[in-house]
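# Observations on the three-dimensional arrangement
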Amino acid sequence: MSRESRPSVPVWEEVGLTEEEYRMVCRILGREPSHTELGMFGLMWSEHCSYKTSKVHLRLLPQTGRRVLVGPGENAGVADLGDGFVVVWKIESHNHPSAIEPYQGAATGVGGILRDIFTMGARPIACLDSLRFGPLDDDRVRYLVGGVVAGIAGYGNTTGIPTVGGEIYFDDCYRDNCLVNVMCVGLLEGGRVIRGRAEGPGNPVILAGNRTGRDGIHGASLLASREFDEKAEEMRPAVQVADPFVEKLLIEACLELAQTDYLVGLNDLGAAGLTSASSEMASRAGTGLDIDISRVPRREPGMTPYEVMLSESQERMLVVVRKGREKDAIELFDKWGVEARVIGRVTDDGILRVREGERVVAEVPARALAHEAPAYERPMRRPAYLDEVVRLDLEGLPLPGGSGHPDKDWAGAFRRLLASPNIACKEWVWRQYDHMVRTNTVVLPGSDAAVLRLKREEDPETRKMTAAAGGRAAGGAADSAAAAERFKGIALSTDGNGRYAYLDPFTGGVQAVAEAARNVVCAGAEPVGLTNCLNFANPEDPEIMWQFRKVIEGMAEACRVLGVPVTGGNVSFYNETMGVPIFPTPVVGMLGYLDDVGRRVTAGFKKAGDIVLLAGETREELGGSEYLYLVAGEVRGAPPAVDLQREKALQAFVLEAARAGLLRSAHDCAEGGLAVALAESSFLADPEAGGVEAEVMVNLAGTAGDGGARPPRLDAVLFGETQSRVVISCDSSRVDELAGVARRHGVPLARLGRVRDGLIRLTAAGDVVLEERTEDLKALWRRALPEALRA
Amino acid sequence: MLAAGGAWKVRFSALTGRAGPCYHPVMGGLEDGTRALARTTGGGRRPRPVRFAVVVFPGSNCDADCYHAVGNVLGQPVEYVWHGTTDLSDFDCVILPGGFSYGDYLRTGAIARFSPVMEEVARFAGRGGLVIGICNGFQILLEAGLLPGAMLRNDSLQFRCLYTNVRVETTRTPFTGLCRRGQVLRIPIAHAEGNYTAPPDVLEELEQSGRVVFRYVDERGEPTPEANPNGSVRSIAGIVNEAGNVLGLMPHPERCCEEMLGSTDGRLIFESIVAHVTSRSVARPVVKGGSAR
């Protein structure tokens, strides 16, 4: 081979393949690949597109569930919620592009996931974003935060898709490699799920949307499938540019197309552009495609076949329609002002044949490209760091006021937590997102989960329900509101704690699933299924690979016990910079179902005098907590354990209580523990209920090692992050009923105190540990993030 | 490029024209809505339906919300109208909805004003028809010269989506007839360019003639700087034209017409429109803005 005479730059390395993979390509083709073919293989066999490292492990995840119609393999998961409401949802990452060019990286991330949803014939109705950044005292981090949030806003707001929730965390490990995971949820419009299949030899293939340019070439292979080094800035040209207006037109055009009788298959052009869409559509259908790239509308002259096939220009769709109906399809796109052109035909030989006019520039088996990338069982090794970080010497950690503790009293420690960007109010983020458009968002951002009602604007049934629910004049009687609202609804939450997964990957995997499910349960919804985004460092490092495996094992275990299937998702590897890996960060996007949004539950207290209770036990667990990080500057110790049977019982209890209308509020204890949960329920309260009086030394589980006799130390009771706990408020007349439900589920339920207005007063065994005006604490909590971002 | 007009058969067949599935009060499920209306208008007999049009520009994204609020919540007949339409004579009220018409890449509303429908909107308004431009619709009305003034970017330089309090400054418009003067309505905003501005003489004229309809205020009804979400001059949230039949406002009344959404104050605006139209015997001239206050 003549190219081997230049060993310094092996041809396969230019496209991100290994020598072994290159040889496989040669075997498949029976010859050496052309320049274009090699580029196509480089992309499709990249980690980002082929999941070659992850797929053997992803099989562990349970994929079937009662309401789930379509699991992994298609563009997104599908769940049937009855009465013709079919929901489609998926999460995806756009980490590396966002770390290089935050606005465009995040915006195109939103655009990509929207396309995954409407390509299935579903109208996108909500987005959620799970974001991770470095510490906010870093100028560049603040630039990244501002750019990413503005990019998400710019795309979501313009396309009219509400961004209803998500999460944002800050930790040093994400300083140079931020995480931008976007989940989109859609509602099927045309009554059928559209598949990304190129069925029917002879059928025309149409490319619709934006023109093809030179942007994003090698986005998937070189940008997404490698770690960052000092040359990361040079990758900026591999980031695409977003055009949300064209996306909006594409959404409308494709959804109209989905209603026609001539649409055969639809697939978006995302990572790996035309190469990926064409080979996947053909491979899924067992067909081939013959496309002529001279017919591809270009943004600029002089593009080579290689560039056309590898371009990741945004807002493009590949469409297969019935033979003879191409004119109808093109007229439909034209109506929406979207350029569309026939670029080829479906064939029956299984070959993706790319021509430029008469000249064949690539001729490869579609299946080999799309679905026969090598699968690797990469070596794994338990990381050495685990033995070190698990050690947590609580003896050496004084309580607030003790020497070596940064806070002189409990109030100081509490304030420190409330002002931490990881706990502080995230309003600065979500007020930049239109979270109300489409008028379905019935629980706005800030609660445990966002809740949307499901409606169809033009459905006579919607009309009847709305007339019943909203047929009162402004200021009319509110008492019958709950009874009259009979809309079905969905609850959505994204969760994942990188610190926990770093300290114990298995537990981190379990916890991400458990918390996401708990959050939708706290909204009164039944968990239906989840999509996951698995963010890890370089899998070629056996220790990273071990983390990955353990996280998946943990997720799989939690999914099995809680009965929640995984319907798909995304794996993002190579999240490291200059050899410094991110924490393993699984993010779970949970879909919950409510058969009556009138029964939704929110986190804020409702009425002074209501009884406040804690469901679940508190153990002495400070490992991996925000408190430990803030007072000791360490991510250390065993993360809070998750007993899945207890978790399951807790969720069943909360769900039953919610459906019975027993819960005035429900709020998961997460970062910052019980004290922060009580404070947040006070901050999110309706007027006149913004406070609480609570005795925290309840439901305590003894500490192992002391014969179970010693109660947890007070900082662990207040700020520890023991799982499977929910703070509930309940009308005093219904507490006995609530206790009965808890007993039946075997859930420890204890009374903490009462909702009161204006004051947060916590006692420990009768001693007041904290007494502050809610208003003061709330101001601190609300100001913290904007102030940190202004710094 | 974007096709303008022509025979359209879009997602909503109503867009093709008058024959589409538009809801009429005689159809099921409407009684509750009209009953509320009948109560507010004080009439015992069923009032005549008020025909609403929701204009769809490429990039409109609150069109479905307006359709839902007017059609499903209020129970009035409503149709989507494509921006290529040149005849609005069948309607009583035309809604220019929020969104990002043509992407708003140039200046908000700057392209949409050239849509064929906008010439007809001007004629429709000239004939005394009611026009309400919400958010992007307000921006388009400004660009089209149907309302005075212009929009700057929010003083925060960021998009803002939040609930605001707006005070009703005059009830002598077809859009606020059912409100009380000084009433504080809770209505959300969602925009990046809602920082209204106009030359001092125009502002003075607006104030003097009672054409400032809504102002951002705090819970107590005071127009404080903190309660102003975008830096708008004199905390202006909505204005009408001289004849009083064209309203532009940044807040989204269609987002708060159902209790589950957190407020029903938006209904007062739509119900005022309905009450105004139904109380007109034939084609009574609209309220002259100049006589307000």
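Residues numbered from 1 in each chain as written. Chains lettered and ligands numbered in written order. Predicted model: local features only at pLDDT ≥ 70, side-chain atom pairs only at ≥ 80, totals over all residues. Heavy atoms only, no water.

### As for the packing of aromatic side chains
A complete count under the given rule lists 17 aromatic pairs over all chains for this structure. Judged by centre distance (6.5 Å) and plane angle (80°), the rings of Y174 of chain A and F583 of chain A are edge-to-face. Here F583 of chain A lies in the loop between β20 (580-581) and β21 (585-594) and Y174 of chain A lies in the loop between β5 (163-170) and β6 (179-188), a separation of 409 residues in the sequence. Their ring planes at 20° and their centres at 6.2 Å tell us that F414 of chain A and F719 of chain A sit as a pair that is stacked. Of this pair, F414 of chain A sits in helix α16 (residues 410-418) while F719 of chain A sits in helix α26 (residues 714-719), and the two are 305 residues apart along the sequence. Each member of the pair, F414 of chain A together with F719 of chain A, is buried. Joined through ring pairs, the aromatic side chains of Y174, Y385, Y502 and F583 of chain A make up one cluster. Its guanidinium or amino end placed over the ring of Y629 of chain A, R499 of chain A lies 4.1 Å from that ring's centre, counting from NZ or CZ. Of note, R186 of chain B hangs over the ring of Y163 of chain B, and the distance from its end group to the ring centre comes to 4.1 Å. (Phe/Tyr/Trp six-rings, centres within 6.5 Å; stacked < 30°, edge-to-face > 60°. Helix = DSSP H or I, 4+ residues; strand = E, 2+ residues; numbered from the N terminus. Buried < 20%, exposed > 50% of the residue type's maximum accessible area, 1.4 Å probe, protein only. Lys NZ or Arg CZ within 6 Å of the ring centre and 35° of its normal.)

### Examining the nonpolar core
Ranked by size, the top nonpolar core spans 199 residues in total, and within it F133, F333, L678 and L762 of chain A together with I132, Y196 and F214 of chain B carry the most contacts. If we ignore the near neighbours within four places in the chain, the residues touching L678 of chain A are F605, V612, V692, A694, V727, L752 and L762 of chain A. (Core = buried A, V, L, I, M, F, W, Y, C linked by side-chain atoms within 4.5 Å. Contact = heavy atoms within 4.5 Å.)

### Details of the confidence of the model for chain B
All names here are of chain B. Taken as a whole, chain B shows an average pLDDT of 84; of its residues, 80% reach a score of 70 or greater. Taken as a whole, residues 1-43 scores under 50 in pLDDT and shows 102 contacts with residues more than four places along the chain or in a different chain. Taken as a whole, residues 281-293 scores under 50 in pLDDT and shows 29 contacts with residues more than four places along the chain or in a different chain. Predicted complex, confidence summary: ipTM 0.92, pTM 0.91. (pLDDT = per-residue confidence, 0-100.)

### What to know about the side chain of N210 of chain A
Residues and elements named next belong to chain A. As for its position among the elements, N210 is in the loop between β7 (204-209) and α9 (219-223). Among the polar contacts made by the side chain of N210, one reaches the main-chain carbonyl oxygen of Q314 at a distance of 3.3 Å. Those residues in contact with N210, other than ones at most four positions away along the chain, are D243, V246, R299, Q314, E315 and R316. (Polar contact = N/O pair within 3.5 Å; in protein donor to acceptor, adjacent residues only side chain to side chain.)

### Observations regarding the pattern of salt bridges
Side chains bearing opposite charge may pair, as long as their charged atoms lie close to each other. If you walk through the whole model with that rule in mind, you get 78 salt bridges over all chains. For E339 of chain A, the salt bridge goes to R211 of chain A, with nearest N and O atoms at 2.9 Å. Here R211 of chain A lies in the loop between β7 and α9 and E339 of chain A lies in the loop between α13 (326-335) and β11 (340-347), a separation of 128 residues in the sequence. Here R664 of chain A and D610 of chain A are joined by a salt bridge, their closest N and O atoms 2.6 Å apart. With R664 of chain A in the loop between α24 (644-659) and β23 (665-668) and D610 of chain A in the loop between β21 and β22 (611-615), this residue pair connects regions lying 54 residues apart in the sequence. Here the salt bridges share partners, and the residues they tie into one network are R167, E169, E204, E207, R215 and R234 of chain B. (Salt bridge = Lys/Arg side-chain N within 4 Å of Asp/Glu carboxyl O.)

### Focus on helix α21 (residues 505-522) of chain A
All names here are of chain A. Between its terminal C-alpha atoms α21 stretches 25 Å, which fits the 26 Å expected from 18 residues at 1.5 Å a residue. Buried residues dominate α21, accounting for 17 of its 18 residues. Trailing α21 by a residue or two, G524 shows a phi angle of about 90°, which is positive. (Expected span 1.5 Å × (residues − 1).)

### Side note on the sheet that holds β21 of chain A
All names here are of chain A. Pairing in this open sheet of six strands is mixed, and the strands run β14-β15-β16-β21-β17-β18 from one edge to the other. Two strands close off the open sheet at either side, each with one partner strand: β14 (441-443) and β18 (566-572). Across this sheet, the average inter-strand angle for adjacent strands is 25°, counted without regard to direction. The pairing of β14 with strand β15 (residues 450-453) spans two bridges and is antiparallel. Paired with T441 across the two strands is L452, which belongs to β15. Sheet contacts for helix α22 (residues 542-562): β17 (526-535), β18 and β21; angle to β17, the most-contacted strand, approximately 175°. (Pairing = 2+ DSSP bridges. Axes fitted to C-alpha atoms, helices over the stretch in contact; angles between N-to-C directions.)

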